[in-house]
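# Topology and contacts: notes
Here is what each chain is made of, one letter per residue.
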Amino acid sequence: MELISDSDDGDTSEWETDEDDGDERPPLNPPLPSASVAGPSQKVSEASSSRPDLVLHFMAMGFSEDMVVKAIEENGEGNTEAILETLLTHSAIGISPLKREQSPVDCTLSSDEDVLGDDLSDMSNFEYSSEDEEYTVECSDKDRKLSILIDMGFPADEASSAITRCGPTAPVLEIADSIHAAQLAAESALTEDDLFPSWSEDKPMASYACGSSVKNKRKYYEMKKMNERGCFLDRKKACFRQANMGDGFPSGSSIPKPMIGFSLPNQKMKPVNRMLPEAAIGPPYFYYENVALAPKGVWETISRFLYDIEPEFVDSKFFCAANRKRGYVHNLPIQNRFPLQPLPPRTVQEALPMTKKWWPTWDHRTQLNCLQTCIASAKLTERIRSALVNSEDPPPERVQRFVMNECKKWNLVWVGLHKVAPLEPDEMEMLLGFPRDHTRGGGISRTERYRSLGNSFQVDTVAYHLSVLKEMFPNGINLLSLFSGIGGAEVALNRLGIHLRNVVSVELSEINRNIIRGWWEQTNQTGNLIEIADVQHLNGDKLEQMINMFGGFDLVIGGSPCNNLAGSNRYSRDGLEGKESALFYDYFRILDLVKNIMGKSF
DNA sequence: AGAAGTATGAGGGCAACG
DNA sequence: CGTTGCCCTCATACTTCT
């Protein structure tokens, strides 16, 4: 709710100019009073008092009120697909693109004269105790074998398929042989399709050109028209339509398993030679993130909007001790990546050594599940304790099942005899790759800490992908960070040693903005940090102003709200059109604006 | 009023079956 | 290829406490 609320939560809009790099200087025009001109979001909320939700739904997609009302009258309220079809058909005749609207600018700017902090000083926050005690934990046979094979240096994807090929009972050495054999056999024949069959089978790009079917003709027409006009609204509608028709990507597009992305650190994987569509190529580079297990069709839509780039699905369990299945769409190079040092521990027992002593032999977990925004109740941990106290030492099967189910569901760890507990916020910070106490203090409540951390990037994972920027931008980068949260992107870049010259950070939550600002000041940044509260207030004029000021953005990064995509949401898992998750379209809108502005003048 | 505590499954992937 | 069972999921709504 806070994500969408349009209150400007008391921004003291002021420019704090300061001496800095010298070449770039912020403009000194004072911000406009918030109430002077209505921004787009205000327009919608005004209408909400007099218009039903359905009308607003389509208005939010960019259709005019008149058109929407007419379309609903034609098709009836129940048939949203038909309504959309009508709107699209009518709009294909031609409507004016979205008007740029002047909106209030709520930003503060600061800089710091201190010398750029030594990266090592930041590293001191990442002392992982690496006690090399033997701790054998049993996990599922396949996982265990997979882990061994990965440690032996085999690519995870090949190892996984070899295990399947040889059967679950095959010894590891036999599986290793099988991988060798497969590698030899495929030496010259392995293609990208073999690695990611579900996303490349249908050749979506090629299908535009050969309009053999009616659908394809329509698609071709839309693509052509889109290219001619090249405006946001057209692309949005075209993408939406294609995704809904489900004929671009395979209907049952599945996520690659194991979820390893295009590469993992310290693994010799078959290099993926991806070809980016022309429209996808920067500048700027961009990087978009969201939950991998979104409702059906969501990633197809996201991919279509983001210039038909195939998402990179990665589970952060390959980077840290917790699962975090996420999809990333980006136009970064994927060769010569390197991981952050030191490498974080990959098991719970290493990451939280104090739990080792109390970990029962029948709890086979070596990693945690996804870190979320809420924790288990004290009542539950007490029920677990009570059940164990009243059982014999190895508890009966039934009790074990109960305890394990709850432990997995709530990510409980063992902190005493028969005692489980949820993770502490600082433990989550560590697992996610943030400096200790990153979210602590400054008036943030414990509940808010959990919420902010649960919504965050896993820093090591993102940093691995962003690492390619380091040698490309030895003098640092200008960053546009949308939905910044607690600054996962900023922290990742900083830990990579990539200088942040100018950072425009857009984040609605004042609490999170305070966290970023605190981190910024604490790490002795020498660049400029500009904070903007509402992404919907960021319009073309403002972007153009900033781009002219900075000389363009080098990276546009962000993970839009997942509220309506996440499986944990029992109430409003409405997909990309959901109240909060629809802000994805603002990510695209802004990215596309930046591309267009930079394309014109750079 | 804000923070903390608590209860609340559906949806979809996957593998093992027949 | 349909069925079944198992598993996991960047959360929300409501109540209680301070």
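What you see is a predicted model; the values in this text were computed from it and never measured.

The next subject is the nonpolar core. Leu466, Leu469, Leu493, Leu555 and Ile557 are the most contacted members of the largest nonpolar core, which totals 69 residues. Counting residues per element, this core draws most heavily on helix H20 (residues 459–466), which supplies five residues. Apart from the residues lying within four places of it in its own chain, the contact partners of isoleucine 557 are Tyr287, Phe457, Val462, Leu466, Leu479, Leu480, Ser481, Leu482, Ala489 and Tyr587. With 47 residues, the next largest nonpolar core counts Ala294, Val298, Ile547 and Phe550 among its residues.

The residues that UniProt annotates with the feature "active site" (unreviewed entry) are Cys562. Along the chain, cysteine 562 turns up in the loop between strand E10 (555–559) and helix H25 (584–601). Leave out the neighbours within four places in its chain, and cysteine 562 touches Asn290, Val291, Asn455 and Ser581.

Next up on the list: the pairing of strand E8 (residues 500–506). Summarising burial for E8: seven of the seven residues are buried, a large majority. Taken together, strand E7 (residues 477–482), helix H22 (residues 488–495) and E8 constitute a β-α-β crossover, and its handedness is right-handed. As paired elements, E8 and strand E9 (residues 528–532) share five bridges and run parallel to each other. Within the sheet, the bridge partner assigned to valine 506 lies in E9 and is isoleucine 532.

On to unusual backbone geometry. Omega for the peptide link from glycine 282 to proline 283 comes to 5 degrees, which places this bond in the cis form. For the peptide bond that leads from proline 283 to proline 284, omega is 0 degrees, which places it in the cis range. Inspection of the secondary structure assignment puts proline 284 in the loop between helix H13 (232–245) and strand E2 (285–291). The phi dihedral of phenylalanine 483 falls on the positive side, at around 50 degrees, and the residue is not glycine. In this structure, phenylalanine 483 sits in the loop between E7 and H22. Given a relative accessible area of 17%, phenylalanine 483 falls into the buried group.

Here we take up the protein's contact with DNA strand C. As a matter of local geometry, DNA strand C sits amid 26 residues, with Val291, Arg326, Gln372, Thr373 and Cys562 nearest to it. Atoms of DNA strand C within 4 Å of the protein: sugar and phosphate make up 67%, bases the balance. Between a phosphate oxygen of DNA strand C and a main-chain N or O atom of cysteine 370, the distance comes to 3.0 Å. One nitrogen or oxygen atom from the side chain of serine 568 is found 3.1 Å from a phosphate oxygen belonging to DNA strand C. Those elements that provide at least two residues to the surface near DNA strand C are E2, helix H17 (397–410) and helix H19 (446–454). The dominant element in the surface near DNA strand C, judged by the number of residues it contributes, is H17, at three residues.

Within the sequence span of H19, burial applies to Arg449, Tyr450, Ser452, Leu453 and Gly454. Next to the buried residues of H19 lie helix H18 (425–432) and helix H23 (510–522).

Let us now look at the protein's contact with DNA strand B. Near DNA strand B you find 17 residues, and of these Ser377, Ala378, Thr447, Gly567 and Arg570 are the closest. Near-protein atoms of DNA strand B (within 4 Å) split between backbone and bases, with sugar and phosphate holding 44%. The separation between a phosphate oxygen of DNA strand B and a polar side-chain atom of serine 445 is 3.4 Å. In this structure, a phosphate oxygen belonging to DNA strand B sits 3.4 Å away from a main-chain N or O atom of arginine 446. Of all elements in the fold, only helix H16 (378–389) and H19 reach the threshold of two or more residues within the surface near DNA strand B.

Attention shifts here to the side chain of serine 560. If you trace the backbone, serine 560 turns up in the loop between E10 and H25. Residue serine 560 is classed as buried on the basis of its relative accessible area of 4%. Here tyrosine 288 takes part through its side chain, which lies 2.5 Å from a polar atom of the side chain of serine 560. Other than its neighbours up to four places away in sequence, serine 560 contacts Tyr288, Glu289, Asn290, Phe483, Leu583 and Phe584.

This part covers H22. Counted residue by residue, H22 has eight buried out of eight residues, so it is predominantly covered. For H22, the full list of buried residues reads Gly488, Ala489, Glu490, Val491, Ala492, Leu493, Asn494 and Arg495. A positive phi of about 80 degrees marks glycine 497, the residue just after H22.

In contact at an axis separation of 10 Å, H16 and H17 are set at 155 degrees when each is read in the N-to-C sense. The angle between H16 and H17 places the two elements in the roughly antiparallel class. Here the hand of the crossing between H16 and H17 comes out left-handed. Every residue of H17 that contacts H16 at Leu380, Arg383, Ile384, Ala387 and Leu388 is listed here: Val399, Phe402, Val403, Glu406 and Trp410. For the contact of H16 with H17, a count of residues per class yields eight nonpolar, no polar and two charged.

Residues of chain A with pLDDT of at least 70 account for 59%, and the chain-wide mean is 74. Segment residues 92–139 is flagged for pLDDT under 50; beyond a separation of four residues in sequence, or across chains, it makes 123 contacts in the model. For the stretch residues 184–234, pLDDT sits under 50, and the model shows 82 contacts to residues farther than four places along the chain or on other chains.

So, about the pattern of salt bridges. When their charged atoms lie close together, side chains carrying opposite charge are able to pair. Tallying each qualifying case throughout the model produces 14 salt bridges. For aspartate 363, the salt bridge identified is with arginine 365, shortest N-O distance 2.8 Å. Judged on exposure class, the residue aspartate 363 and its partner arginine 365 are both buried. Residue glutamate 429 pairs with arginine 449 through a salt bridge whose shortest N-O separation is 2.9 Å. Separated by 20 residues along the polypeptide, glutamate 429 in helix H18 and arginine 449 in helix H19 bring together distant segments of the chain. Pair check on accessibility: glutamate 429 and arginine 449 agree, each one buried.

This brings us to the packing of H20 against H22. The description of two helices packed together rests on the angle between their axes and the distance between the axes. Put simply, H20 and H22 touch, their axes get as near as 9 Å, and they point 60 degrees apart. On the basis of the axis angle, H20 is oblique to H22. Crossing geometry of H20 relative to H22 is assigned as right-handed. Residues Val459, Asp460, Val462, Ala463 and Leu466 of H20 pack against Gly488, Val491, Ala492, Leu493 and Arg495 of H22. Broken down by class, the residue content of the contact of H20 with H22 amounts to seven nonpolar, one polar and two charged.

Reading the values: rules and limits
- Residues numbered from 1 in each chain as written.
- Chains lettered and ligands numbered in written order.
- Predicted model: local features only at pLDDT ≥ 70, side-chain atom pairs only at ≥ 80, totals over all residues.
- Heavy atoms only, no water.
- Core = buried A, V, L, I, M, F, W, Y, C linked by side-chain atoms within 4.5 Å.
- Buried < 20%, exposed > 50% of the residue type's maximum accessible area, 1.4 Å probe, protein only.
- Helix = DSSP H or I, 4+ residues; strand = E, 2+ residues; numbered from the N terminus.
- Contact = heavy atoms within 4.5 Å.
- UniProt positions renumbered as here; feature names shortened; annotations may be inferred.
- Right-handed = clockwise from strand over helix to strand, strands pointing away.
- Pairing = 2+ DSSP bridges.
- Near = heavy atom within 4 Å.
- Polar contact = N/O pair within 3.5 Å; in protein donor to acceptor, adjacent residues only side chain to side chain.
- Axes fitted to C-alpha atoms, helices over the stretch in contact; angles between N-to-C directions.
- Parallel < 35°, antiparallel > 145°, perpendicular 65-115°, else oblique.
- Left-handed = near helix turned anticlockwise from the far one by under 90°.
- Nonpolar A, V, L, I, M, F, W, Y, C, P; charged D, E, K, R; others polar.
- pLDDT = per-residue confidence, 0-100.
- Salt bridge = Lys/Arg side-chain N within 4 Å of Asp/Glu carboxyl O.

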